[in-house]
Each structure stands twice: as C-alpha cells, then as structure tokens.
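The chain contents come next:
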Amino acid sequence: TYLPGDSWEGVEGPDPVLDPWARWKAEHPDDLFVLNVPMAAPNETGISDQEAATQLRRGVAGEFDQHYRTLASRLVAKGLQDAVLVPGWEMNGTTYSHRCAPDPEAWKAFYRRVVTVLRSQPGQNFRFDFTSSRGTDDISWQKCYPGDDVVDIIGMDNYDQPPGASWEEYVGQPDGLQAQVDFAAAHGKPVSYPEWGLYRYGDNPQFVRDMHGWMISHDTVYSTLTDYCPHGVYECTQNPESARVVRELFGRPG
C-alpha cells in the first residue's frame, strides 16, 4: 500500500491508513507488509524541476526528518516494524514531485537521510526497496542509486506498455528488466516487482505468463499485481483471458 502524499501529515502514517494494515499483519504475522513512502509532499503535483530540486535539497538539510521519525515510531508501535519500505518510488520518471532527474546527487543524499532516520527508531527491522519504473524514462535509474548500505532490494514497476511493445524489448531495453537483475546481482541484492499489470496492450495473457516465468527464475522477494482497471484481473473484469492465466499461475487472493 501507499502513504498519502498530499501532505507531510500523510507521510507520517495517519491512523486511518496504518490501523487496518496493523490488524491485518497481526492476523497474518508471516505475510509481508510493503509500504511506499513519499519523499515529497504534495507528491503528485506538476511542480517545476527547480522546485523539485529545491525540495530535495531541503530534505538533505534535514528539514523533513521529523516526519520520518514520526512514521518510524508509528510503524513500530503498530507492530509493523518488519515492513518493507519503498521511499521515492519511480524516481526515474516525471509523475512524482520526489523525482530524481532535477538533482540526482541531492536525491541520493536525501534517500540516504530518510533511511538513516527510519533506521534510528528503536525496535525497527525495516528493509528498503529502491524501485524504479522500467526503462530510462527521464533519467537512468542507475544514476539515482543511493548505495548498497541503504538498499536491501532492487525493485522495478513493470506494466505492459511502452517503452517497448514486446517482452523481448521489456527485457533487453536500456534500464529494462535484464539491466535490473544484472545490477541487483552485481550489488548482491534480490529483486522485486512492487507494481505490475496490464495496460496499453489490453487483455494480454502472454504478458502474465512472461512475468510469472521471469519472477520465478530470478531472486524475487515479492510482487504486487495492480488490480484497478485497466491493469488488473480480480476486481477489474475487462481482462478475462489474463484473469484465467493469473488464477492458474498465481491463484486467488487470500
């Protein structure tokens, strides 16, 4: 799930967001809780590159530390101390205010600061997932990598959409799936797919088969099939052929 990025209060992990997941985790202690953590607020506004860079530098200076201290404290208090946290996801694109391209060095330094603050909470056992979107987008995600000491998992969000129009292109393109697993192996890290699903090419069961085969043949910690339309198959009913393959390969949601 995701913390709301509309305000810094949202980044602190408000009770209405975390409490249902805390109850779920208490009932499923062996399952994995993954939480995307914004590195800017508001995080989905069309701010300029200059504004984005300024926000990153303010983060490096420690201006937002208290929000992450509060988040860490709340997670531990609610029994979510072993969460996988995904700060600044899809940093290589242009969707989010916490994007990397306006100042990669500041982005890396801010990510490191966020992780340091979160790790300072007594009782925490967090893992940190560095997650890009597939492809180069606005900047190569490799230029944003903040260091092995603050990253536990190398993630990639992968939808059936450009750049590329075939599985072979998704794998072989610059900063694509092969680049991800090669980079992870070189840094001694497992991989993840925090978001994946259908999109521009419609109901495509072969994409589901390809994703399943890719994940089971690599050191994959977890994946999340995005289920709202047009991406998914459980709540979204517009992809019946893919739904059949998802249920065959992955089963039904628990």
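Up top is the structure.
Small disclaimer: the values here were computed from a predicted structure and weren't measured.

Criteria and thresholds
Residues numbered from 1 in each chain as written. Predicted model: local features only at pLDDT ≥ 70, side-chain atom pairs only at ≥ 80, totals over all residues. Heavy atoms only, no water. Pairing = 2+ DSSP bridges. Helix = DSSP H or I, 4+ residues; strand = E, 2+ residues; numbered from the N terminus. Axes fitted to C-alpha atoms, helices over the stretch in contact; angles between N-to-C directions. Expected span 1.5 Å × (residues − 1). Buried < 20%, exposed > 50% of the residue type's maximum accessible area, 1.4 Å probe, protein only. Contact = heavy atoms within 4.5 Å. Right-handed = clockwise from strand over helix to strand, strands pointing away.

**Student:** Even after reading the chapter, I still don't get the sheet that holds strand E6 (residues 220–225), so can you show me in this structure?
**Tutor:** Strand pairing in a sheet takes place through backbone hydrogen bonds and is either antiparallel or parallel in direction. Taken together, six strands build an open sheet; the order of strands is E1-E2-E3-E4-E5-E6 and the sheet is parallel. Bordering the open sheet on either side are strand E1 (34–37) and E6, each of which pairs with just one other strand. In this sheet, neighbouring strand axes are inclined to one another by 25° on average, regardless of whether the strands run parallel or antiparallel. In terms of strand pairing, E1 meets strand E2 (residues 84–87) through four bridges, oriented parallel. What sits directly across from leucine 35, in E2, is leucine 85.

**Student:** Would you mind showing me how to read helix H4 (residues 65–77) here?
**Tutor:** Residue pairs spaced three or four apart in an α-helix point in one direction, given the helix's 3.6 residues per turn. Helix length check: H4 (13 residues) gives 18 Å between terminal C-alpha atoms against 18 Å at 1.5 Å per residue, within 8%. Inspection of H4 places Asp65, His67, Tyr68, Thr70, Leu71, Ala72 and Leu75 among the buried residues, and these make up the whole buried set. Looking at the buried side of H4, the elements it contacts are helix H1 (8–11), helix H2 (15–27), E1, helix H3 (49–60), E2 and helix H5 (104–119). Glycine 79 sits one or two positions beyond H4 and adopts a positive phi of about 80°.

**Student:** For this particular structure, what's the right way to read unusual backbone geometry?
**Tutor:** In most cases, non-glycine residues show a negative phi, while peptide bonds are predominantly trans. Here the residue pair proline 162 and proline 163 is connected by a cis peptide bond, since its omega of 5° sits within 30 degrees of zero. Mapped onto the elements of the fold, proline 163 is located in the loop between strand E4 (153–159) and helix H6 (167–172). Following cysteine 229, the chain continues to proline 230 via a peptide bond in cis, the omega torsion being 10°. Structurally, proline 230 can be placed in the loop between E6 and helix H9 (240–250).

**Student:** When you look at the pairing of E2 in this model, what are you seeing that I'm missing?
**Tutor:** Put simply, side chains in a regular strand alternate between the two faces of the sheet. Going residue by residue along E2, you find Val84 and Val86 tucked away on one face and Leu85 and Pro87 tucked away on the opposite face as well. Traced from E2 through H5 to strand E3 (residues 127–133), the parallel crossover comes out right-handed.

**Student:** It is not clear to me how the environment of aspartate 138 should be interpreted in this structure. Could you clarify?
**Tutor:** Among the secondary structure elements, aspartate 138 is positioned in the loop between E3 and E4. With 38 residues separating them along the chain, aspartate 138 and cysteine 100 place their C-alpha atoms 8.7 Å apart. Contact partners of aspartate 138, with chain neighbours within four places excluded, come to Asn92, Gly93, Thr94 and Ala101.

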